[in-house]
Amino acid sequence: MLLHQAWANWRVQAALPGFLAPSPRERAADLVIALGGLFVLLSGVALALLSALAVAAFLAGWSIQAAYLLWPAPETRARKPVARRGRRLSVDAFAAYTMVTAGVLCLPLLGVLR
């Protein structure tokens with residue numbers, strides 16, 4: 001979903017450069033979102049294959065998401081309801097991903113990953 005959203009954003013921005021000229025900050029945020037989505041996908045695939053790379057992929061995905069959430073969002077500070085709700089949903093998803101990452105970190109100790 002995140003990868004599709006990032007791709008759609010880039011396509012719209014490319015089609016309408018005069019109307020939707022994103023700032024460098026917005027471009028960086030879009031790149032981080034796409035990168036985070038890619039690592040979530042890779043971590044899920046690695047886990048499904050029971051690969052030892054799942055640990056590295058989950059840690060990379062977790063780090064990217066943590067960096068994104070620590071990055072101050074100006075629209076959240078402006079207390080826009082939609083931005084606050086979106087940020088809250090992102091924090092909830094990050095909490096769930098954190099719990100799954102902690103579980104994946106235990107799998108090598110149990111001998112589950114190859």
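Look above for the structure.
Bear in mind that the values here come from a model prediction, so they are computed numbers and not experimental data.

Cut-offs and rules
Residues numbered from 1 in each chain as written. Predicted model: local features only at pLDDT ≥ 70, side-chain atom pairs only at ≥ 80, totals over all residues. Heavy atoms only, no water. Core = buried A, V, L, I, M, F, W, Y, C linked by side-chain atoms within 4.5 Å. Buried < 20%, exposed > 50% of the residue type's maximum accessible area, 1.4 Å probe, protein only. Helix = DSSP H or I, 4+ residues; strand = E, 2+ residues; numbered from the N terminus. Contact = heavy atoms within 4.5 Å. Patch = residues over 30% accessible without salt bridge, like charges linked within 9 Å, V, L, I, M, F, W, Y side chains within 5 Å. Areas by Shrake-Rupley, 256 points an atom, 1.4 Å probe, with all protein chains shown as cover. Salt bridge = Lys/Arg side-chain N within 4 Å of Asp/Glu carboxyl O. Phe/Tyr/Trp six-rings, centres within 6.5 Å; stacked < 30°, edge-to-face > 60°. Lys NZ or Arg CZ within 6 Å of the ring centre and 35° of its normal.

Enquirer: Looking at this structure, how should I read the nonpolar core?
Expert: A general feature of soluble globular proteins is that nonpolar side chains tend to end up buried together. Counting residues in each nonpolar core, the largest one holds 8 residues, listed as A46, A54, V55, F58, Y97, V104, L107 and L113. Looking at this core, the elements that each hand over two or more residues are α3 (53–70) and α5 (81–110). The contact partners of V104, leaving out residues within four places of it in the chain, are L47, A54, V55, F58 and L113.

Enquirer: Teacher, can you tell me more about a nonpolar patch on the surface here?
Expert: Among the surface-exposed residues, L35, L38, L41, L42, V45 and L49 lie close enough to one another that they form a single nonpolar patch of about 510 Å² accessible area. Residue position: L41 is located in helix α2 (residues 24–48). The exposure class assigned to L41 is partly exposed, which follows from its relative accessible area of 47%.

Enquirer: Just checking my understanding: could you explain the packing of aromatic side chains for this structure?
Expert: We describe a pair of aromatic rings using the distance from one ring centre to the other and the angle between the two ring planes. Using the criterion set out here, one finds 2 aromatic pairs in the structure. Geometrically, the ring pair formed by F58 and Y97 is stacked, given 5.3 Å between the ring centres and 20 degrees between the ring planes. Taken together, the positions of F58 in helix α3 and Y97 in helix α5 put the pair 39 residues apart, joining distant regions of the chain. Exposure remark for F58: the relative accessible area of 4% places this residue in the buried category. For Y97, a relative accessible area of 10% puts it in the buried group. Ring geometry for W62 against F94: centres 5.5 Å apart, planes inclined by 35 degrees, an arrangement best described as tilted. Of the two residues, W62 is situated in helix α3 and F94 in helix α5; the sequence distance between them amounts to 32 residues. Of the residues examined, W62 reaches a relative accessible area of 31% and is grouped as partly exposed. Judged by its relative accessible area of 16%, F94 is buried. Here the guanidinium or amino end of R87 rests over the ring plane of Y68, the centre of that ring lying 5.8 Å away.

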